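Summary of structural features
Each chain is listed here by its residues.
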Amino acid sequence: MLPAWLILPIFVQEHLQPAQGSYGEVLASRAYFLVTTWHWWEWVGALAPLIILAVWAKLSLTATLPAFSRLARTLICLGLISTLAAFLLASNIDFSYLLRLQPMRSFHLIYVVFFLLLGGVLGEYLLRSHVWRWILCFGALSGGMFALDLATYPASPHIERPGVHYQGEWLSSFLWIRDHTPKDALFALDADYLSKSCVDLHGFRAIAGA
């Protein structure tokens, strides 16, 4: 077995080389891979929940269990570690193999737990036993999400029912491929197809099962 000091240079030589040719162009077109290209509002979306969690942990809310503050601090640590890892691993296009690790994806978990905690805080301190407050809160949330869905995915069905066929050509094509082609079939697709009209960011691989 080769010693670690000998394996590391081999790994770097084989896997940490800049992406070349078409693959490099495709990788560069995915701006979200590089955290150094994020817009200010994207950073607000990443840092705002951590700030709110820090406030909750500092206040030690009386209506919560001790685990609430511990969980909030744990999420803050996870977010800070992920952000640091992103600056180390996902800040240079030359690190093509490391970009695909996408360390900021850990914020998916942070957001899920954050909204669970947020729901508990709202229910305990704001909504309480007032039915009309609950109706207004969830009415506003539901209406806002549906309006956002209509604006973001104009060519997609917004209420899906069994037996209803997709009207969009892209989605219909993806589903036809899923049902009528072999699982090991190969397809060539424009790397920027997600930005075309009527695609609505639906991933080919996810829908077609390719």
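Right, let's walk through the structure included here. Every chain is numbered independently, its residues counted from 1 as its sequence is written. Thresholds applied to this predicted model are a pLDDT of at least 70 for local features of residues and 80 or more for the giving and counting of side-chain atom pairs; totals over whole chains, interfaces and linings are not thresholded and use all residues. As a convention, hydrogens and water are excluded, and side-chain values are obtained from all of the structure's heavy atoms.

Remarks on the packing of aromatic side chains
Ring geometry is summarised as follows: Phe, Tyr and Trp rings, the Trp one being its six-membered ring, pair when their centres sit within 6.5 Å, and such pairs are stacked at plane angles under 30 degrees, edge-to-face over 60 and tilted between the two. Here the structure, examined in full by the defined rule, presents 14 aromatic pairs. Ring geometry for Trp43 and Phe87: centres 5.5 Å apart, planes at 5 degrees, overall stacked. Here Phe87 lies in helix 4 (residues 66–89) and Trp43 lies in helix 3 (residues 40–59), a separation of 44 residues in the sequence. We call a residue buried when its accessible area falls under 20% of the maximum for its residue type, exposed when it is over 50%, and partly exposed in between, using a 1.4 Å probe and counting protein chains only. Judged by relative accessible area, which is 17%, Trp43 ranks as buried. The exposure class of Phe87 is partly exposed, given its relative accessible area of 40%. Under the DSSP-based scheme used, a helix requires at least four consecutive residues in state H or I and a strand at least two consecutive residues in state E, with every element numbered from the N terminus.

Topic: unusual backbone geometry
The backbone of Arg128 shows a phi angle near 50 degrees, a positive value even though the residue is not glycine. Position of Arg128 relative to the elements: it lies in the loop between helix 6 (107–127) and helix 7 (131–152). Look at Arg128 and you get partly exposed, because its relative accessible area is 49%.

So, the environment of Thr37
By secondary structure assignment, the location of Thr37 is in the loop between helix 2 (21–29) and helix 3. On a C-alpha basis, the gap between Thr37 and Ser91 in space is 8.4 Å, while along the polypeptide they are 54 residues apart.

Description of the packing of helix 4 against helix 6
Axis lines are fitted to C-alpha atoms, over the contacting stretch for helices. Their N-to-C directions set the angle, which ranges from 0 to 180 degrees. At their nearest, the axes of helix 4 and helix 6 sit 10 Å apart, and the two run at 150 degrees to each other. In terms of their interaxial angle, helix 4 and helix 6 are classed as roughly antiparallel. Note that helix 4 runs across helix 6; the crossing there is left-handed. The residues of helix 6 that touch helix 4, namely those facing Phe68, Leu71, Leu75, Leu78, Gly79, Ser82 and Thr83, are Phe107, Leu109, Ile110, Val113, Phe114, Leu117 and Val121. For this classification, under 35 degrees means roughly parallel, over 145 means roughly antiparallel, 65 to 115 means roughly perpendicular, and everything else is oblique. The hand of a helix crossing depends on one turn: near helix anticlockwise from the far one by less than a right angle means left-handed, and clockwise means right-handed. Contacts are residue-level and defined by heavy atoms, with any inter-residue pair within 4.5 Å sufficient.

With respect to the pattern of salt bridges
Salt bridge, as used here: a side-chain nitrogen of Lys or Arg that lies within 4 Å of a carboxyl oxygen of Asp or Glu. Tallied over the full model, the rule gives one salt bridge. In this structure, the salt-bridge partner of Asp179 is Arg178, at a minimum N-O distance of 3.1 Å.

Details of the environment of Ile177
Relative to the helices and strands, Ile177 resides in helix 8 (residues 169–180). Separated by 27 residues in sequence, Ile177 and Phe204 place their C-alpha atoms 9.6 Å apart. In contact with Ile177, not counting residues within four places along its chain, are Phe187, Phe204 and Ala208.

Remarks on a nonpolar patch on the surface
Residues Leu47, Ile51, Val55 and Leu59 make up a contiguous nonpolar surface patch of about 370 Å² in total accessible area. Structurally, Leu47 is set in helix 3. Note on Leu47: relative accessible area 38%, which makes it partly exposed. Surface patches are defined over residues having more than 30% relative accessible area and no salt bridge, joining like charges when they lie within 9 Å and nonpolar side chains (Val, Leu, Ile, Met, Phe, Trp, Tyr) when within 5 Å. Only the protein chains shown count as covering a residue, and every accessible area follows the Shrake-Rupley method with a 1.4 Å probe.

Describing the side chain of Thr83
Note that Thr83 resides in helix 4. The buried category is assigned to Thr83, whose relative accessible area is 11%. Ignoring any residue separated from it by four or fewer positions in sequence, one finds Thr83 in contact with Trp43, Met104 and Phe107.

Observations regarding the nonpolar core
In this structure, Leu53, Trp56, Met104 and Leu117 are the most contacted members of the largest nonpolar core, which totals 21 residues. Mapped by element, the contributors of at least two residues to this core are helix 3, helix 4 and helix 6. Within this scheme, the nonpolar core is defined by two criteria: the residues are buried Ala, Val, Leu, Ile, Met, Phe, Trp, Tyr or Cys, and they are joined through side-chain atoms within 4.5 Å. Leu171, Ile177, Phe204 and Ala208 belong to the second-largest nonpolar core, a separate cluster that totals nine residues.

Here we look at helix 8
Helices are assigned an expected span. That span is 1.5 Å times one less than the residue count. Between its terminal C-alpha atoms helix 8 stretches 16 Å, which fits the 16 Å expected from 12 residues at 1.5 Å a residue. Inspection of helix 8 places Leu171, Phe174, Leu175 and Ile177 among the buried residues, and these make up the whole buried set. Buried residues of helix 8 fall within an arc of 155 degrees about the axis and therefore sit on the same side. When the buried face of helix 8 is taken as reference, the exposed residues oriented beyond 90 degrees from it are Glu169, Asp179 and His180. Picture the helix axis, draw a direction to every C-beta atom, and the arc is the one those directions span.

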